[in-house]
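Fold and contact review
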Amino acid sequence: MDYFDKNYCLEVWGEMACFTRPEFKVERVSYEVITPSAARAIFDAIFWKPAIRWEVTRIEVLNPIKWAAVKRNEVGAVASTRSNGVFIEERRQQKAALVLRDVRYRLHARMVYIPPQRRKGESVHAADANENPAKYQAIFERRAAKGQCFNQPYLGTREFSAYFRLIDDDAPTVRPLNETKDLGIMHYDMDFSAETAMPVYFHARMEDGVIDVPPIDSEEVMR
């Protein structure tokens, strides 16, 4: 069966966002723009199946980068099946966070079809022999156009909801931010190809508001 991976574009926005930098252990400090992993998670929230994966290819920054310092309540414990749960009032921790406000992006990603023999945890016989990869494209297009999602997309942390719309090729769009900046080393995503998932990074550069995201198997991605 002939099949071609297809590219999609979402415009995404929200009142606040926090794409946490891992080098800050206690307080939360956001990257200046959305990370590829956070962008991929938004596509996953709209539609995901074991037969596909999303590859983020480009991030366009539409709004100026603006900051806000906030206090966030976190729970300093994890509930266990061997305990009676967590009493939040006893475990509540208030931490400072440096977050983004009034963000808007155009996210470009490619839906990649994964043949049954390359899927982890699924036998070739378990997959439908008459599987038509184009149906996954149609499902995503229908869901994204209607604003449907399996879970609420968010901008880095779950309390910062993301809103989205599907961008057609012919739809009028605003120009990206007129700014060029070296964003330094940024978290790319988790690499699940090995037995143990490992975080990977890349050197992010914004040229006239556009960040080109290299493929995960590129030499530009640092492991």
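The structure displayed is predicted, hence computed values, not measured ones.

1. Thoughts on the overall build of the protein
Counting its secondary structure elements, the protein contains 3 helices and 12 strands. The 223 residues of the protein split such that 40% are buried. Expressed as a percentage of contacts within the protein between residues at least 6 apart in sequence, the contacts between residues at least 24 apart total 71%. Per element, the accessible surface of the protein, about 13400 Å² overall, is 49% carbon and sulfur.

2. Quick word on the sheet that holds strand β12 (residues 221-222)
Across the sheet, 3 strands lie side by side as β9-β10-β12; this open sheet has antiparallel pairing. At either margin of the open sheet sits one strand with a lone partner, and together these are β9 (181-191) and β12. Both β9 and strand β10 (residues 198-206) contribute to a ladder of 9 bridges, which runs antiparallel. Paired with lysine 181 across the bridge in β10 is methionine 206. Sitting on the sheet, helix α1 (residues 36-46) is in contact with β9 and β10, with an inclination near 50 degrees to β9.

3. Digging into α1
With 9 of 11 residues buried, α1 is to be regarded as a mostly interior element. Of all the positions in α1, only Pro36, Ser37, Ala38, Ala39, Ile42, Phe43, Asp44, Ala45 and Ile46 are classed as buried.

4. Overview of the pairing of strand β8 (residues 163-166)
For a regular strand, side-chain orientation follows a simple rule: the groups alternate between the two sheet faces. Burial along β8 is one-sided: the face carrying Phe164 and Leu166 is buried and the face carrying Tyr163 and Arg165 is not. Inspection of the sheet shows strand β1 (residues 6-17) paired to β8 by 4 bridges, in the antiparallel sense. Counterpart to tryptophan 13 in the pairing with β8 is tyrosine 163.

5. Notes on the side chain of threonine 157
Structurally, threonine 157 can be placed in strand β7 (residues 157-161). Residues contacting threonine 157, with those up to four places away along its chain left out, are Cys18, Arg28 and Arg72.

6. Brief notes about the pattern of salt bridges
Applying the stated criterion across every chain, the model contains 13 salt bridges. Of the charged contacts, one joins lysine 6 and glutamate 141 as a salt bridge, the two residues approaching to 2.8 Å between their closest N and O atoms. In this pair, lysine 6 is assigned in strand β1 and glutamate 141 in helix α3 (residues 134-146), connecting sequence segments 135 residues apart. Of the residues examined, glutamate 141 reaches a relative accessible area of 26% and is grouped as partly exposed. Residue arginine 223 pairs with aspartate 191 through a salt bridge whose shortest N-O separation is 3.1 Å.

7. Digging into the environment of isoleucine 46
Inspection of the secondary structure assignment puts isoleucine 46 in helix α1. Ignoring sequence-local partners within four residues, the contact set of isoleucine 46 consists of Leu10, Phe140, Arg143, Ala144, Gln148, Cys149, Phe150 and Phe164.

8. Some thoughts on empty space enclosed by the protein
According to the stated counting rule, one finds 1 cavity of 30 Å³ or more in the structure shown. Of the volumes computed, that of the largest cavity is approximately 60 Å³. Taken together, Glu32, Val61, Asn63, Pro64, Ile65, Lys66, Leu100, Asp102, Val103, Arg104 and Tyr105 make up the full set of residues lining the largest cavity. When residues in the lining of the largest cavity are grouped by element, the largest group, 5 residues, is from strand β5 (residues 92-113). Broken down by class, the residue content of the lining of the largest cavity amounts to 6 nonpolar, 1 polar and 4 charged.

9. Quick word on α3
Taking 1.5 Å per residue as the helical rise, α3 with its 13 residues ought to reach 18 Å, and the 19 Å between its terminal C-alpha atoms agrees with that figure. By the burial criterion, the buried members of α3 are Tyr136, Gln137, Phe140, Arg143 and Ala144. The buried side chains of α3 occupy one side of the element, clustering within an arc of 140 degrees when seen end-on. Opposite the packed face of α3, turned more than 90 degrees from it, sit the exposed residues Ala145 and Lys146.

What counts and how
Residues numbered from 1 in each chain as written. Predicted model: local features only at pLDDT ≥ 70, side-chain atom pairs only at ≥ 80, totals over all residues. Heavy atoms only, no water. Helix = DSSP H or I, 4+ residues; strand = E, 2+ residues; numbered from the N terminus. Buried < 20%, exposed > 50% of the residue type's maximum accessible area, 1.4 Å probe, protein only. Contact = heavy atoms within 4.5 Å. Areas by Shrake-Rupley, 256 points an atom, 1.4 Å probe, with all protein chains shown as cover. Pairing = 2+ DSSP bridges. Axes fitted to C-alpha atoms, helices over the stretch in contact; angles between N-to-C directions. Salt bridge = Lys/Arg side-chain N within 4 Å of Asp/Glu carboxyl O. 1 Å grid on protein atoms, 1.4 Å probe; cavity = no way out; pocket = protein on both sides within 12 Å on 5 of 7 lines; lining within 4 Å. Points joined across faces, edges and corners; volume = space filled by probe spheres on them. Nonpolar A, V, L, I, M, F, W, Y, C, P; charged D, E, K, R; others polar. Expected span 1.5 Å × (residues − 1). Arc of directions from axis to C-beta.

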